[in-house]
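# Descriptive analysis of the structure
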Amino acid sequence: MVKVAIAGASGYTGLELLRLLTIHPEVEITTVTSEKHQGQKVADVFPSFSGFSDLQFTSLTVSIANECDILFLALPHTTAMNQVPDFLEGSCRVVDLSADYRLKSQETFEQWYSFSHQQKETLDKAVYGLPELHRKSIRSAKLVANPGCYPTSVILALAPLVATDWVDLESIIADSKSGVSGAGRKLSINTQFAECNEAVSAYALGTHRHTPEIEQEISALAGREIRVTFSPHLMPMTRGLLSTIYINLTKDMELEELGKHYREFYKNEPFVRILNLGTFANTHYVVSSNFCDIGLQIDSRNRRIIITSAIDNLVKGAAGQAIQNMNIMLGIDEKTALDSPGMFP
Ligand SMILES: NC(=O)c1ccc[n+]([C@@H]2O[C@H](COP(=O)([O-])OP(=O)(O)OC[C@H]3O[C@@H](n4cnc5c(N)ncnc54)[C@H](OP(=O)(O)O)[C@@H]3O)[C@@H](O)[C@H]2O)c1
């Protein structure tokens, strides 16, 4: 059995890791951390684990890495950044769900996160954990930087187009909507019930930290620097994330040709579903699953492609993708513990 530890197991992504790993046949969870709940049993704090887990929360220390083969970091960004080189000293491999090692450029990280990145050497070794684009590097990676939720939906939606000469890559607009769990379990005014229920609001327009992550991956695919306009919104729902992406066409084309191209691009991908033409992505059908559903349309009047892309922010946008990465790192079936449909209704 592979020994796994989860740092930040009392948070939304940590709990989702715990839930999915509990049914993983090749994994034994050895350690779960929470500062607030250290010493308490997981099942006492979260009764959904009653009968499934005898584990007790412990405090996070560097020695956690000595007790496991894979360490998941489900912590707020910058919390464990400076401990990661120590975690990697021995044989332990790390999947970091925070943004600390996602951006290749130290300067870009510092600019968007207003935090000095002291771990350049480790940053250089990190692999961006989007399996559909980086599976080969993930296999042997010591440190995987698990993508952000918004970037997962936007990059997967755009990747098939970037290599073509059908579109104007300078014209990308990504309009995304996320459920409230995207902000994590910590208390904040904006995510309190009375603030976000019965309301839809835009936030961080032009300044959201996921923008450089999207640009990094799209630019790498394009082979030149690409900028995107990214507009996130908060929706009054618990889970789920939908991105609607607009990009100008540089030639006339039929929807059938676009659909064929997307199907071909993702034909070997177990977790990307290209929807039937005329059907658009809906968070209802991906919640609780590791799928990314992509729907396509051509607005021929305006010569524009419109792509819809839906994921569960806590699964394909976080814990599910992290487990998919772990499965790839271990050389086992990538779908293990993840091969199930969404929960509807
Ligand atoms: N939520 C999402 O949809 C999503 C999607 C993709 C990526 N992410 C990223 O995943 C990471 C975790 O997000 P989340 O939504 O799960 O956050 P969360 O619900 O707020 O949970 C944070 C976890 O970190 C622990 N923690 C907080 N401060 C700590 C400290 N100083 N030392 C040790 N442990 C500490 C908390 O434990 P205690 O409070 O119990 O001590 C809790 O277990 C973040 O970096 C986030 O950006 C989140």
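Each chain has its residues counted from 1, running along the sequence as written. The model is predicted, so local features are restricted to residues of pLDDT at least 70 and side-chain atom pairs to those at 80 or more, both for listing and for counting; the totals for chains, interfaces and linings are taken over all residues. Hydrogen atoms and water are omitted, and side-chain values are computed over all heavy atoms in the structure.

## Re unusual backbone geometry
For the bond running from Phe-344 to Pro-345, omega is 5°, close enough to zero to count as cis. Helix numbering and strand numbering both begin at the N terminus, where a helix is a DSSP run of H or I of at least 4 residues and a strand a DSSP run of E of at least 2. Checked against the element boundaries, Pro-345 lands in the segment after α11 (315-330). In this structure, Thr-78 takes a positive phi of about 75° despite not being glycine. Looking at the secondary structure, you find Thr-78 in the loop between β4 (70-73) and α3 (84-87). Phi is positive for Ala-337, which is not a glycine, with a value near 70°. Assignment of secondary structure puts Ala-337 in the segment after α11. Here's how the labels work: a residue is buried when its accessible area is under 20% of the maximum for its type, exposed when over 50%, partly exposed in between, all with a 1.4 Å probe on protein chains only. You can call Ala-337 buried: its relative accessible area is 18%.

## Describing the sheet that holds strand β13 (residues 292-299)
Two strands pair if DSSP finds at least two bridges between them. Strands sit in the order β9-β10-β8-β11-β14-β13-β12 across an open sheet of seven strands; the sheet is mixed. The open sheet is flanked by β9 (201-202) and β12 (272-274), the only strands paired with a single partner. Examined bridge by bridge, β12 and β13 share three bridges and lie parallel to one another. What sits directly across from Val-272, in β13, is Cys-292. We call two residues in contact when some of their heavy atoms are within 4.5 Å. Between the N-to-C directions of two axes lies an angle of 0 to 180 degrees, each axis being a line fitted to C-alpha atoms and, for a helix, fitted only over the stretch in contact. Strands in contact with helix α7 (residues 149-162) are β8 (173-178), β10 (229-234), β11 (241-248), β12, β13 and β14 (304-311); relative to β11, the strand with the most contacts, it is inclined by about 35°.

## What to know about the packing of aromatic side chains
Each aromatic pair joins two rings of Phe, Tyr and Trp (for Trp, the six-membered one) with centres within 6.5 Å, and gets the label stacked for planes under 30 degrees apart, edge-to-face for over 60, and tilted for any other angle. According to the stated counting rule, one finds six aromatic pairs in the structure shown. With a centroid separation of 4.9 Å and 80° between ring planes, the pair formed by Phe-265 and Tyr-266 is classed as edge-to-face. Look at NZ for Lys and CZ for Arg. If either is within 6 Å of the ring centre and within 35 degrees of the ring normal, a charge sits over the ring. A cation over a ring is seen here: Arg-273 above Phe-291, with NZ or CZ 3.9 Å from the ring centre.

## A few points about the site of the ligand
Consider each residue's heavy atoms; a residue with any of them within 4 Å of a molecule or strand counts as near. Around the ligand sit 28 residues in total, of which Ser-10, Thr-13, Ser-34, Leu-75 and Arg-185 are the nearest. For the ligand, the protein covers 81% of the area, taking 910 Å² as the surface of the free molecule. At the level of elements, α1 (12-22) and α11 are the ones that each hand at least two residues to the shell around the ligand. Charged means Asp, Glu, Lys or Arg here, nonpolar means Ala, Val, Leu, Ile, Met, Phe, Trp, Tyr, Cys or Pro, and polar covers whatever is left, Gly included. For the shell around the ligand, a count of residues per class yields nine nonpolar, 14 polar and five charged. Summarising the domain contributions, the shell around the ligand has at least three residues from each of domain 1 (2-125) and domain 2 (150-313). Method for areas: the Shrake-Rupley scheme with a 1.4 Å probe, in which residue coverage is limited to the protein chains shown. Residue ranges for the domains trace back to a domain assignment, done automatically or taken from a database.

## Comments concerning the pattern of salt bridges
Salt-bridge detection follows one rule: a side-chain nitrogen of Lys or Arg within 4 Å of a carboxyl oxygen of Asp or Glu. As enumerated under the stated definition, the model contains 17 salt bridges in all. A salt bridge links Asp-175 to Lys-177; the nearest nitrogen and oxygen atoms lie 2.4 Å apart. With a relative accessible area of 18%, Asp-175 lands in the buried category. With a shortest N-O distance of 2.7 Å, Glu-264 and Lys-267 are connected by a salt bridge. Residue Glu-264 is classed as partly exposed on the basis of its relative accessible area of 47%. Each member of the salt-bridge network shares a partner with another, and the members are Glu-16, Arg-19, Arg-239 and Asp-312.

## Quick look at the sheet that holds strand β3 (residues 57-58)
Across the sheet, seven strands lie side by side as β3-β2-β1-β4-β5-β7-β6; this open sheet has parallel pairing. Looking at the sheet topology across the chains shown, the edges are occupied by β3 and β6 (127-128). Inspection of the sheet shows strand β2 (residues 27-33) paired to β3 by two bridges, in the parallel sense. The residue of β3 that forms the bridge with Val-32 is Phe-57.

## Considerations on the nonpolar core
Within soluble globular proteins, side chains that are nonpolar tend to cluster in buried spots. Membership of the largest hydrophobic core comes to 42 residues, with the highest contact counts inside it found for Ile-6, Leu-17, Leu-21, Val-32 and Phe-72. Within the residue set of this core, elements represented by two or more residues are β1 (2-7), α1, β2, β4 and α11. Among the elements that make up this core, the one with the highest residue count is α11 (eight residues). One finds Leu-158, Leu-161, Leu-241 and Ile-311 within the second-largest nonpolar core, a separate group that totals 40 residues. Residues belong to a common nonpolar core when they are buried Ala, Val, Leu, Ile, Met, Phe, Trp, Tyr or Cys residues joined through side-chain atoms within 4.5 Å.

## Description of the domain arrangement of the chain
Partitioning the chain into domains gives domain 1 (2-125) and domain 2 (150-313). Centre-to-centre separation of domain 1 and domain 2, based on C-alpha positions: 27 Å. The interface of domain 1 with domain 2 comprises 12 residues on the first partner and 14 residues on the second. When domain 1 packs against domain 2, the two sides together hide about 1200 Å² of surface, and 53% of this comes from carbon and sulfur. For Arg-239, the salt bridge identified is with Glu-16, shortest N-O distance 2.9 Å. Two N or O atoms count as a polar contact when they lie within 3.5 Å, although within protein this holds only if one can serve as hydrogen donor and the other as acceptor, and sequence-adjacent residues are included solely when both atoms are side-chain atoms. Where domain 1 packs against domain 2, one counts six residue pairs in polar contact (both at pLDDT 80 or more). Among the elements of the structure, α1 and α4 (106-113) are those that each provide at least two residues to the side of domain 1 that touches domain 2. Its residues placed into classes, the side of domain 1 that touches domain 2 shows five nonpolar, three polar and four charged. By definition, the buried area sums, over both parts, the 1.4 Å-probe accessible area that each loses when the two are put together.

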